[in-house]
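Survey of secondary and tertiary structure
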Amino acid sequence: MSPADALPWWAALPTALLLVFGGVITLVGALGLVRLKHFYQRIHGPAITITLGAGCILIASMLYFTVQQSRPVIHELLISAFILMSAPVVAMLIMRAAVYRDLRAGRLITGAEKHDAHRSGGEDRERT
Amino acid sequence: MTTAALLSVAIWFALVCVALSMLLCALRLVIGPTAQDRILALDTLWMCTMLLVLMLGIRFGNLIYFEAAMLIALIGFVSTVALAKFLMRGEVIE
Amino acid sequence: MKRWLPSLPLSLALFATWLLLNQSIDPAHLLLGAVLAIAAPLLARPLQPHGHARIGRPLALFRLLWRSAIEIVRSCFNVSRIILFRKADGVNSQFIHVPLELRSPHGLALLSCLINSTPGTVWVELLPDNNELLLHVFDLHDEQWWINTIKTQYEQPIRELFEPAAVSGEHP
């Protein structure tokens, strides 16, 4: 721990709490990735890593550097904004790829909505 | 206990947590039965790497790590989109 | 004005991004940022077939985003609890259909971002023939409750933001 000497308590305590909490949430998300049964459940695990875990650690980083450099250091907002815009796109793309592949392989999707999901998959195939 | 010691413990704990989650992602990457599982694991791995680099930045008190984290987030997004696109169409550029 | 500055919020966001990336407010960076903020939207205009979104009431947008942020944190805890303490077989993951009235492409983009950011729900596809949304829910208790929540919590405010004419036409 090099230059953390002069950090006051009111800044160090929230930073430490946010870091610990973010780490635990990240671990829970990855645990979900391993523990859940099939793909359509697993896709929900990393979502908590991406939103709450990353959010906590980014806020901790902002707080730490703002106090340490004694000037506002808020460029972590860029990463937050980027993640907020890109994570939904990634989730949707992976989900659609999975649904498309499962339909094409003839595997049934978990739910009863086979008919309509089938239609959406078929239309994907037409576009190809 | 000084603030430096407190922060040090917190950062170590968070680093271990994120490293463990990277291990779990790697496990899913290896055993994942389908290709989409592997892509999901890879995406989470990118995210955990970004968090790890960000926390190393706090640990060493250096702002340069931020740039690395930003680049990792950017490259991770592009690569995941390309892989998902590839799964869907069999080609990346249509 | 309209011709050189097609969307003021976009230009301001680009300007702020440039300053944040460089972490300085030197006159040189201000100038470069201003050039970027004016040139980039002009160069990227052909890439946006639907044009720029017009947001009439930024306050309503912030209220919507704030409520969604609270909802995201709440469902984070719900999903974590399920992952940690529930047996994996007992989780009832389902696809559900939500009929949507929202048509504006910008509104749909915002809706999909909000739904996908919330842990526990993933947007799969918008079925084009009847404008129905296919949604995957992590732990489904009551399908009707989810449909009502999405329609009242998300779709209604977004429609008021992006399609004010259609909404006021429906309820005179």
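Preceding this section is the structure that the text describes.
This write-up is about the structure you can find in this document. Note that the structure is predicted; figures quoted are calculated from it, not measured.

**Notes on the overall build of chain A**
Secondary structure summary: chain A contains five helices and zero strands in total. Mapped from its N terminus to its C terminus, chain A presents α and β elements in the order α-α-α-α-α. Within chain A, buried positions represent 48% of all 128 residues. A separation threshold of at least 6 residues defines the contact pool for chain A, and within that pool the share at least 24 residues apart is 50%.

**Examining the interface of chain B and chain A**
Listed by partner, the interface residues are 47 residues for chain B and 54 residues for chain A. Those elements that place two or more of their residues in the side of chain B that touches chain A are α1 (3-31), α2 (35-60) and α3 (64-89) of chain B. Counted by class, the side of chain B that touches chain A contains 33 nonpolar, nine polar and five charged residues.

**Regarding helix α4 (residues 76-104) of chain A**
Residues and elements named next belong to chain A. For α4, built from 29 residues, the straight-helix expectation of 42 Å at 1.5 Å per residue is met to within 8% by its first-to-last C-alpha distance of 41 Å. Along its length, α4 reaches its greatest deviation from straightness, about 25 degrees, at S86, and the proline P88 lies no more than four positions downstream. G106, located one to two residues past α4, shows a positive phi value of around 80 degrees.

**Structural notes on unusual backbone geometry**
Leave glycine aside and you will find that most residues have negative phi; peptide bonds, for their part, are mostly trans. Within the chain, S70 of chain A stands out as a residue other than glycine whose phi angle is a positive 45 degrees. Note that S70 of chain A resides in the loop between α3 (45-69) and α4. For Q23 of chain C, which is not a glycine, the phi torsion comes out positive at approximately 55 degrees. Along the polypeptide, Q23 of chain C turns up in the loop between α1 (8-22) and α2 (27-44). Judged by the 14 C-beta atoms lying within 10 Å of it, Q23 of chain C is partly exposed.

**Description of the packing of α4 of chain A against α3 of chain B**
Remark: α4 of chain A packs on α3 of chain B, axes separated minimally by 9 Å, with the N-to-C direction vectors making an angle of 15 degrees. When the axis of α4 of chain A is compared with that of α3 of chain B, the two are roughly parallel. Of the two elements, α4 of chain A crosses α3 of chain B, and the hand of that crossing is left-handed. Across the contact of α4 of chain A with α3 of chain B, the residue classes break down as 19 nonpolar, two polar and four charged.

Quick notes on the rules
- Along each chain, residue indices are assigned from 1 in the same order as the chain's sequence is written.
- Numbering of ligands from 1 and lettering of chains from A proceed in the order in which they are written.
- Residue-level local features of this predicted model are given only where pLDDT is at least 70; pairs of side-chain atoms are given and counted only at 80 or more, and the full residue set underlies all totals for whole chains, interfaces and linings.
- Note on conventions: DSSP H or I runs of at least 4 residues are helices, E runs of at least 2 residues are strands, and numbering of each starts at the N terminus.
- Partly exposed residues are those whose C-beta has more than 12 but fewer than 20 other C-beta atoms within 10 Å; 20 or more makes a residue buried and 12 or fewer makes it exposed, with C-beta atoms placed from the backbone.
- Throughout, a pair of residues is in contact if the C-beta atoms placed from their backbones lie within 7 Å.
- Residues are sorted three ways: Asp, Glu, Lys and Arg are charged, Ala, Val, Leu, Ile, Met, Phe, Trp, Tyr, Cys and Pro are nonpolar, and all the rest, Gly among them, are polar.
- Given a helix with a known number of residues, its expected span is that number minus one, times 1.5 Å.
- By definition, a residue's bend is the angle between the axes fitted to the seven residues ending there and the seven starting there.
- Throughout, an axis means a line fitted to C-alpha atoms (over the contacting stretch in the case of helices), and angles, computed between N-to-C directions, take values from 0 to 180 degrees.
- For classification, angles of less than 35 degrees are called roughly parallel, those exceeding 145 degrees roughly antiparallel, those between 65 and 115 degrees roughly perpendicular, and all remaining angles oblique.
- In this scheme, a crossing is called left-handed if the near helix is turned counterclockwise away from the far one by less than a right angle; it is called right-handed if the turn is clockwise.

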